[in-house]
Structure formats: C-alpha cells, structure tokens
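# Examining the three-dimensional arrangement
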Amino acid sequence: DVKVTQSSRYLVKRTGEKVFLECVQDMDHENMFWYRQDPGLGLRLIYFSYDVKMKEKGDIPEGYSVSREKKERFSLILESASTNQTSMYLCASSKTGGGAANVLTFGAGSRLTVL
Amino acid sequence: EDQVTQSPEALRLQEGESSSLNCSYTVSGLRGLFWYRQDPGKGPEFLFTLYSAGEEKEKERLKATLTKKESFLHITAPKPEDSATYLCAVRDYNAGNMLTFGGGTRLMVKP
C-alpha cells in the first residue's frame, strides 16, 4: 500500500560528496515536493515540481537542485554536501485541482548525515 | 508572508485527559488548513482539511475546528497510541500548490 517511496531511509556522506535522494510515487500525481525537517524549524520547502521537467524554488533552494524526467520520479541532488545539510528529507506528492489537490501524501523520509 | 505558529511545542497528558492543540495562522487568503500526524521516524500522515471559518471535522478521538485566525485540534480521552507530533499547515490562494507548515506540537500520552 506504499504510495510515495523514498529510496534511502538512512544515508551517511562526507563533506563535498554529491548526494542523490530519489522519490517515486504511484498515484499519478502531477505535483511533487521536497521538504527538509529540522527540530524547531518545522518543514521547509526546498523545491517542487508541477509537471515533468518543470521545477520551482521553495523557501530554501540554496545548495540543492532537482530533476524530474518522469512524472512518477522526483530527485533531490546535493551537488557538494555540507554539514549544515544534515537533516530529515521528506518527499511528497499531490494532485492538481480543487479538493484532493490540497492533500500532500508523504514518503517515510530520508535521514541524511553529513560528516 | 504566510505564517503558522503552533502551541504548545510539547504536551504531556495522562490517558483520558482531554486537551487542545492550537494553530495560529496569518495568510492573505486561506485556501485550506491542514492537520497532519507524524510518528517518530515516519513521514506526516494526513488527518483533516478545513476550508472556512466555523467548519469542523472529526475522526475518532480527534476534532479539528477553524476560525479566521486559528485552528484547534481537540483530543478527547486520549490513549497512548495518540502520542505523535501534530503538524498544522496552510495553503494560501497566492501560493499555488505550496503549503506553509507550523513547527508542530509533540504530544505524549502516558498510560
């Protein structure tokens, strides 16, 4: 019954490494999102995509990039990981339109530690 | 800029002790207010959507209400399995598909 799948639950990387976080949804949703969650700061939007190959910056895009080559897949890329990017990363998806479009379905999260 | 503030940050209750969580918000035009539940190590799980002042939604021991400035999540006779972090988020008419989240309230219910 899993609908939003994040490929890695736990990752440990070194400063300067390139990091890929993958997210796949099987609900045919148009919109996909990447958030990071930190204690005391809540969920903050990094990037979102409303269609294949389309992307919009969220509140904290610096140091991140994204890729959406297929409707079901949305990748978050850290070109050169830094210690301040240690966090829980959450992927979510939603439909476009009224009503159900408001509801985000989240993945289980990817906890990244950068040493 | 949209703002969402949740209080308290943490709440400890005894089993059966009813209480309320608060979510205060500032938006230019509310398109929806959402409550999510998040268990440790998991992603948030959708609970309710409220669209207009006066609206109420219920699910088991949870009841969400909405005014023009805040929302409450009332928990009646909570059980230990209700322990989780509860997140509130708003969607603004001017923000497209983006939600603004509050910091959450961590609820602990002791048996």
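Owing to the predicted nature of the structure, the values given are computational and were not obtained by experimental measurement.

Moving on, we come to the overall build of chain B. Scanning chain B from N- to C-terminus turns up zero helices and eleven strands. Overall, chain B shows an N-to-C arrangement of helices and strands of β-β-β-β-β-β-β-β-β-β-β. At 13 Å, chain B has a C-alpha radius of gyration in line with the 13 Å of a compact globule built from 111 residues. For chain B, the spread of C-alpha atoms along the three principal axes comes to 45 × 30 × 20 Å. Split into buried and exposed, the 111 residues of chain B put 47% on the buried side. Once local pairs closer than 6 in sequence are excluded, the contacts in chain B between residues at least 24 apart make up 56%. Distance between charge centres in chain B, computed from 14 positive and 15 negative side chains, equals 1 Å.

A word on the layout of surface pockets. Quantified by volume, the largest pocket comes out at close to 690 Å³. Lining the largest pocket we find 26 residues, and of these Gln37(A), Pro39(A), Gly40(A), Thr85(B) and Gly103(B) sit closest to its centre. Elements supplying a minimum of two residues to the lining of the largest pocket: β4 (31–38) and β9 (87–94) of chain A together with β9 (84–92) and β11 (105–110) of chain B. If you tally residues by element for the lining of the second largest pocket, the top one is strand β5 (residues 42–49) of chain A, at four residues.

Residue and element names in this part refer to chain A. Residues Val19, Leu21, Cys23 and Gln25 point to one face of strand β3 (residues 19–25) and are all buried, whereas Phe20, Glu22 and Val24, pointing to the other face, are not buried. Of the pairings in the sheet, the one linking strand β1 (residues 4–6) to β3 comprises three bridges and is antiparallel in character. Looking across to β3, one finds that Thr5 is bridged to Val24. Pairing of β3 with strand β8 (residues 73–78) involves six bridges; the strand directions are antiparallel. In the strand pairing of β8, Val24 is matched with Arg73.

Residues and elements named next belong to chain B. Across the sheet, which stays open at both edges, the five strands sit in the order β1-β3-β8-β7-β6 with antiparallel pairing between neighbours. Two strands bound the open sheet, and with one partner strand each, they are β1 (3–7) and β6 (56–59). Neighbour-to-neighbour, the strand axes of this sheet turn through a mean angle of 15 degrees, independent of strand direction. Alignment of β1 against strand β3 (residues 19–26), held across five bridges, turns out to be antiparallel. Looking at β3, one finds that Thr5 is bridged to Ser24.

The rules behind the values
Residues numbered from 1 in each chain as written. Chains lettered and ligands numbered in written order. Predicted model: local features only at pLDDT ≥ 70, side-chain atom pairs only at ≥ 80, totals over all residues. Heavy atoms only, no water. Helix = DSSP H or I, 4+ residues; strand = E, 2+ residues; numbered from the N terminus. Rg over C-alpha atoms; globule rule 2.2 N^0.38 Å. Buried < 20%, exposed > 50% of the residue type's maximum accessible area, 1.4 Å probe, protein only. Contact = heavy atoms within 4.5 Å. Lys, Arg positive; Asp, Glu negative; His and termini not counted. Charge placed at Lys NZ, Arg CZ, Asp CG, Glu CD. 1 Å grid on protein atoms, 1.4 Å probe; cavity = no way out; pocket = protein on both sides within 12 Å on 5 of 7 lines; lining within 4 Å. Points joined across faces, edges and corners; volume = space filled by probe spheres on them. Pairing = 2+ DSSP bridges. Axes fitted to C-alpha atoms, helices over the stretch in contact; angles between N-to-C directions.

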